[in-house]
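# Understanding the architecture of this molecule
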Amino acid sequence: MAGRQPIFRFAPSPNGRLHLGHAYSALLNLRMARATGGRMLLRIEDTDTVRCTPAHERAMLEDLEWIGFEWDEPPLRQSEHFDRYRDFAETLQIENLAYPAFMSRSEIRERVALEESGGVEWPRDPDGAPVYPGDERDWSEAHRESMIMSGAPYALRLDSRRAIARVASRLTWEEAGAGPNGETGEVEAKPEIWGDIVLARKDTPASYHLACVLDDAYQEVTHVVRGRDLFPATAVHRLLQELAGLDAPEYFHHDLIEDADGTKLSKSRGDTSLAELRQAGFQPSDIRRKIGLA
Ligand code: GLU
């Protein structure tokens with residue numbers, strides 16, 4: 001990648017109002033892009049067809065323009081690229097690296113609760129969700145076919161053990177920022193902590209991991225600058241990149257903007273959004289000052 005014009009991207013999901021944390025990530029990306037003579041791209045990660053709405057997208061673009069974020073090309077909207085993601089998911093399935101899994105989230109929770117009531121300490125993934133038990137990994141093709149024919153909803157999951165065995169070589173990435181424990185420089189990726197991640201399901205025809213990895217390559221992104229909460233996801237992104245034969249960008253995981261009480265901001269918790277701050281009379285320059293990018 002040496003010698004190429006750097007390409008940065010900011011990749012929010014239009015599933016709620018943007019908050020100060022998004023403003024920090026967007027403006028930090030922009031600052032780095034401008035400082036390196038790079039291009040700044042905006043990617044709209046709207047693969048969750050239930051939670052992402054056009055109204056949220058409009059509001060998001062308005063907020064971004066208000067804080068002075070600029071992008072150099074028309075945004076890429078992931079919901080317009082489902083075919084591309086589906087093609088890769090199908091390739092993985094043909095190569096026996098992905099399989100349909102019918103257990104719902106609540107069935108998984110119940111199953112894990114049962115194990116735990118028996119004294120088993122069940123692993124959690126870095127997002128805190130119980131790791132998928134893998135019950136359906138070794139089902140016969142005939143059994144899968146009959147379940148699909150019955151109309152039972154299913155998710156396509158990565159067979160992480162086979163996938164990791166397939167790439168064989170030691171998986172690493174170049175971290176220019178830092179992980180939660182100060183990890184920096186060459187970081188070893190351990191995708192096994194995620195278990196068999198979902199690649200696609202009915203309401204989300206491509207998971208975040210799948211679409212993000214394919215688009216970073218599709219958009220020729222050289223520098224991924226994003227919040228430290230996504231540091232653990234990078235392990236699984238590296239695995240998918242290897243399976244797809246894609247180059248890895250350089251990663252920079254930045255500090256998270258915290259609330260006055262030291263907790264992470266989130267859309268779902270209804271934290272002070274940029275829209276609320278604007279309504280309360282704050283100016284873009286106040287926002288930049290608040291996030292330390294004045
Ligand atoms: N869409 C993700 C989010 O809003 C960000 C993905 C990324 O930067 O890789 O949290």
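See the structure shown above.
Let me begin by describing the structure that accompanies this report. (Residues numbered from 1 in each chain as written. Predicted model: local features only at pLDDT ≥ 70, side-chain atom pairs only at ≥ 80, totals over all residues. Heavy atoms only, no water.)

## As for the nonpolar core
The test is simple: For this analysis, a nonpolar core means a set of buried residues of the types Ala, Val, Leu, Ile, Met, Phe, Trp, Tyr and Cys, connected via side-chain atoms within 4.5 Å. Only protein chains enter the area calculation, which uses a 1.4 Å probe; residues under 20% of their type maximum are buried, those over 50% are exposed, and those in between are partly exposed. Numbering of helices and strands starts at the N terminus; helices are DSSP runs of H or I of at least 4 residues and strands are runs of E of at least 2.
In terms of nonpolar packing, the biggest core is built from 37 residues, with Tyr85, Leu92, Leu158, Leu199, Leu210 and Leu243 touching the most fellow members. Where this core is concerned, the elements lending two or more residues are α3 (82–94), β5 (155–158), α6 (160–167), β8 (198–200), α7 (208–218) and α8 (233–244). For this core, the element with the most residues is α8, which contributes six residues. The next biggest cluster of nonpolar side chains, apart from the first, holds 27 residues, and it includes Ala23, Ala26, Leu64 and Ile257.

## Some words on the site of the ligand
Heads up, the rule is: By convention in this text, a residue qualifies as near a molecule or strand provided that one of its non-hydrogen atoms is within 4 Å of it. N or O atoms closer than or at 3.5 Å make up a polar contact, with two conditions inside protein: a donor-capable atom paired with an acceptor-capable one, and, for residues adjacent in sequence, both atoms drawn from side chains. The Shrake-Rupley method, run with a 1.4 Å probe sphere, supplies the accessible areas, and residue values consider only the shown protein chains as cover. Residue classes follow a fixed rule: Ala, Val, Leu, Ile, Met, Phe, Trp, Tyr, Cys and Pro count as nonpolar, while Asp, Glu, Lys and Arg count as charged, and any other residue, Gly among them, counts as polar.
Around the ligand sit Arg9, Ala11, Pro12, Ser13, Glu45, Tyr208, Cys212, Arg226 and Leu230, and that is every residue in its neighbourhood. A distance of 2.6 Å separates a nitrogen atom of the ligand from a polar atom in the side chain of Glu45. Contact with the protein chains removes 80% of the 300 Å² of surface that the ligand exposes when unbound. Partitioned by chemical class, the residues of the shell around the ligand number five nonpolar, one polar and three charged.

## Re the sheet that holds β8
Rule in force here: Note: two strands are recorded as paired if DSSP finds a minimum of 2 bridges between them. Here the axes come from fitting lines to C-alpha atoms, over the contacting stretch only for helices, and the angles between their N-to-C directions go from 0 to 180 degrees.
Judged by pairing direction, the sheet is antiparallel, and its three strands sit side by side in the order β4-β5-β8 without closing on themselves. Every other strand in the sheet has two partners, leaving β4 (98–101) and β8 as the edge strands with one partner each. In this sheet, adjacent strand axes meet at a mean angle of 45° when their direction is disregarded. Pairing between β5 and β8: two bridges, direction antiparallel. From the neighbouring strand, Leu156 faces β8, where its bridge partner is Ala200.

## Regarding α6
Using the following cut-off: Each C-beta atom gives one direction from the helix axis, and the arc is the one those directions make.
What α6 keeps buried is the set Ser160, Ala163 and Val167. Down the axis, α6 shows its buried residues gathered within 60° of arc, on one side only. Structural note: α6 exposes Arg161 and Ala165 on the side pointing more than 90 degrees away from its buried face. Ala168 sits one or two residues past α6 and shows a positive phi near 55°.

## Considering unusual backbone geometry
Unusually for a residue other than glycine, Asn96 sits at a positive phi of about 65°. With a relative accessible area of 44%, Asn96 lands in the partly exposed category. Unlike most non-glycine residues, Glu220 shows phi in positive territory, near 55°. Position of Glu220 among the secondary structure elements: in the loop between α7 and β9 (223–227).

## Quick word on the packing of aromatic side chains
Aromatic ring pairs: the centre-centre distance and the angle between the two ring planes describe each pair. What counts, and what does not: Here is the rule: rings of Phe, Tyr and Trp (six-membered ring for Trp) pair when centre to centre is within 6.5 Å. Planes less than 30 degrees apart are stacked, more than 60 are edge-to-face, and the remainder are tilted. Our definition puts a charge over a ring when NZ of Lys or CZ of Arg is within 6 Å of the ring centre and also within 35 degrees of the ring normal.
Taken as a whole and assessed by the stated rule, the structure comprises seven aromatic pairs. Relative to Trp139, the ring of Phe102 has its centre 5.7 Å away and its plane inclined at 15°; by these criteria the two rings are stacked. Taken as a pair, Phe102 in the loop between β4 and α4 (105–117) and Trp139 in the loop between α4 and α5 (141–149) lie far apart in primary sequence, 37 residues in all. Given a relative accessible area of 23%, Trp139 falls into the partly exposed group. Three or more aromatic residues joined by ring pairs make a cluster, and in this case those are Phe10, Phe69 and Trp71. When the ring centre of Tyr218 is taken as reference, the NZ or CZ atom of Arg84 above it lies at 3.6 Å.

## Focus: the pattern of salt bridges
Let me state the cut-off plainly: Think of a salt bridge as a Lys or Arg side-chain nitrogen and an Asp or Glu carboxyl oxygen that are within 4 Å of each other.
Tallied over the entire structure, the rule returns 26 salt bridges. Close ionic contact of Asp255 with Arg228 constitutes a salt bridge, the shortest N to O distance being 2.9 Å. Of the two residues, Asp255 sits in the loop between β10 (250–254) and α9 (274–279) while Arg228 sits in the loop between β9 and α8, which places them 27 residues apart along the sequence. Residue class for Asp255 comes out partly exposed when judged on its relative accessible area of 44%. The salt bridge partner of Arg289 is Asp286, with a shortest N-O separation of 3.3 Å. One end of the pair, Arg289, and the other, Asp286, are both in helix α10 (residues 284–290), three residues apart, so they sit about a helical turn from each other. Look at Arg289 and you get exposed, because its relative accessible area is 52%. Each member of the salt-bridge network shares a partner with another, and the members are Arg9, Arg43, Glu45 and Asp216.

## A closer look at the environment of Ala294
Worth spelling out the cut-off: Two residues form a contact once any of their heavy atoms are found within 4.5 Å.
By secondary structure assignment, the location of Ala294 is in the segment after α10. We classify Ala294 as exposed; its relative accessible area is 76%. Along the backbone, Ala294 and Pro284 are 10 residues apart, and their C-alpha atoms lie at a distance of 9.7 Å. Sequence-distant contacts of Ala294, defined by excluding residues within four places in its chain, comprise Arg31, Arg288 and Arg289.

## Quick word on the environment of His81
By the secondary structure assignment, His81 is in the loop between β3 (76–77) and α3. Since its relative accessible area comes to 17%, His81 is described here as buried. Residue contacts for His81: discarding those within four places in its chain leaves Leu76 and Tyr218. A distance of 2.9 Å separates a polar atom in the side chain of His81 from a polar atom in the side chain of Arg84.

Taken by themselves, the reported measurements are silent on function.
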